[in-house]
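Residue-level listing of the chains:
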Amino acid sequence: MSGRLQGKVAIITGGSRGTGAAIARLFVAEGARVAIADLREEQGRALAAELGGAALFHRCDVARRDDWAALVAAVREHLGDPAVLVNNAALLDIAPIDQVTEESLERLFRVNQLGPILGIQAVLPAMRALGYGSIVNMGSTDGVLAQDMGLIAYASTKFALRGITRTAAMELGRDAIRVNCLVPDSGNIEMSAPFLPEGLDHDELMRQHVEQILKPPPWASGFHRYEEIARMTLFLASDESSGCTGGDFPVDGGYTAG
């Protein structure tokens, strides 16, 4: 199949690198016009230039309501009404429960939890004007299974995001707006790198992590999870998933199965 998002406008937060960039590239390839929202201006503008006229970069702090308003206004002016929102932006911090700070808790809450709510609020008028929409929240296996890894700040926001997803799905179903949560076992390598051992190949470490249970097919090589997450995001954004809302969709190589 091709053109699975033909004519649709999508907003992708945290879209300048990693998973977000992979989603942006796939969406454009499938016919979408894409707004890349991020604080990393140099990377975001470079990606938008790479993708050509189908892409727009807009600087956005997802924790600020005014930034969301400016982003959506720019998208509606230059690309059209957004039919898809991918709440992908996130922050990670790792610290034992007796060492985590209030500043860390609040910082992760504002980006990982408050940000998606503000995003949903911001796109609602446009999606209601269209008569439909698809919102994909980027969750984590850390929002499904608890781990002894110092993730109290991060996991609390990702558990909350699943609740946000289900509640929003129930409220917005009457508007034909679907809300789903994608559950990957690995996110942006650059986000995880500060917490990984020094002097090791981070790509190789992440590849080993995502292949703990499910071995990749013969044609896959290197770290391939970004593309797999992007393909599931494409499914949830497209009309192919018209019967899906309020759900968790794992792309975790079986990690949450047992």
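In short, a report on the structure. (Residues numbered from 1 in each chain as written. Predicted model: local features only at pLDDT ≥ 70, side-chain atom pairs only at ≥ 80, totals over all residues. Heavy atoms only, no water.)

Next up on the list: unusual backbone geometry. Of note, the phi angle at Ala-176 is positive, near 60°, even though the residue is not glycine. For Ala-176, the location among the structural elements is in the loop between α5 (152–172) and β6 (177–184). Looking at Ala-176, the relative accessible area reads 41%, which means it is partly exposed. (Helix = DSSP H or I, 4+ residues; strand = E, 2+ residues; numbered from the N terminus. Buried < 20%, exposed > 50% of the residue type's maximum accessible area, 1.4 Å probe, protein only.)

Membership of the largest hydrophobic core comes to 32 residues, with the highest contact counts inside it found for Phe-27, Val-34, Ile-36 and Val-86. Setting aside residues up to four positions removed in sequence, Val-34 forms contacts with Ala-10, Ile-12, Ala-24, Phe-27, Val-28, Ala-54, Ala-55, Leu-56 and Leu-79. Counting 30 residues, the second largest nonpolar core, distinct from the first, contains Ala-35, Ile-120, Ala-122 and Ile-135. (Core = buried A, V, L, I, M, F, W, Y, C linked by side-chain atoms within 4.5 Å. Contact = heavy atoms within 4.5 Å.)

For the rest of this paragraph, the subject is empty space enclosed by the protein. Inspection of every chain in the model, using the stated rule, returns one cavity of 30 Å³ or more. Taken as a whole, the largest cavity holds about 30 Å³ of empty space. Lining the largest cavity we find Asp-185, His-209, Val-210, Gln-212, Ile-213, Asp-252, Gly-253 and Tyr-255. Residues of the lining of the largest cavity, tallied by class, amount to three nonpolar, three polar and two charged. (1 Å grid on protein atoms, 1.4 Å probe; cavity = no way out; pocket = protein on both sides within 12 Å on 5 of 7 lines; lining within 4 Å. Points joined across faces, edges and corners; volume = space filled by probe spheres on them. Nonpolar A, V, L, I, M, F, W, Y, C, P; charged D, E, K, R; others polar.)

Okay, the environment of Ala-10 next. As for its position among the elements, Ala-10 is in strand β1 (residues 9–13). A sequence separation of 13 residues divides Ala-10 from Ile-23, and the C-alpha atoms of the two residues are 10 Å apart. Excluding anything up to four places from it in sequence, Ala-10 contacts Phe-27, Arg-33, Val-34, Ala-35 and Val-84.

This paragraph deals with the layout of surface pockets. Empty space within the second largest pocket amounts to approximately 180 Å³. Lining the second largest pocket are Ile-117, Ile-120, Gln-121, Leu-124, Gly-163, Ile-164, Thr-167, Ala-168, Glu-171 and Leu-172. For the lining of the second largest pocket, the secondary-structure elements that each account for two or more residues are α4 (102–130) and α5. Ranked by the residues each element gives to the lining of the second largest pocket, the list is headed by α5, at six residues. Broken down by class, the residue content of the lining of the second largest pocket amounts to six nonpolar, three polar and one charged.

Another point: the packing of helix α1 (residues 18–29) against helix α8 (residues 225–237). Two elements in contact, α1 and α8, have axes separated by 8 Å at closest approach and are oriented at 55°. Comparing the axis directions of α1 and α8 gives the class oblique. Here α1 and α8 pass one another in a crossing that is right-handed. From α1, Gly-18, Thr-19, Ala-22, Ile-23, Leu-26 and Phe-27 reach across to α8, where they touch Tyr-226, Ile-229, Ala-230, Arg-231, Thr-233, Leu-234 and Ala-237. Classifying every residue of the contact of α1 with α8 gives nine nonpolar, three polar and one charged. (Axes fitted to C-alpha atoms, helices over the stretch in contact; angles between N-to-C directions. Parallel < 35°, antiparallel > 145°, perpendicular 65-115°, else oblique. Left-handed = near helix turned anticlockwise from the far one by under 90°.)

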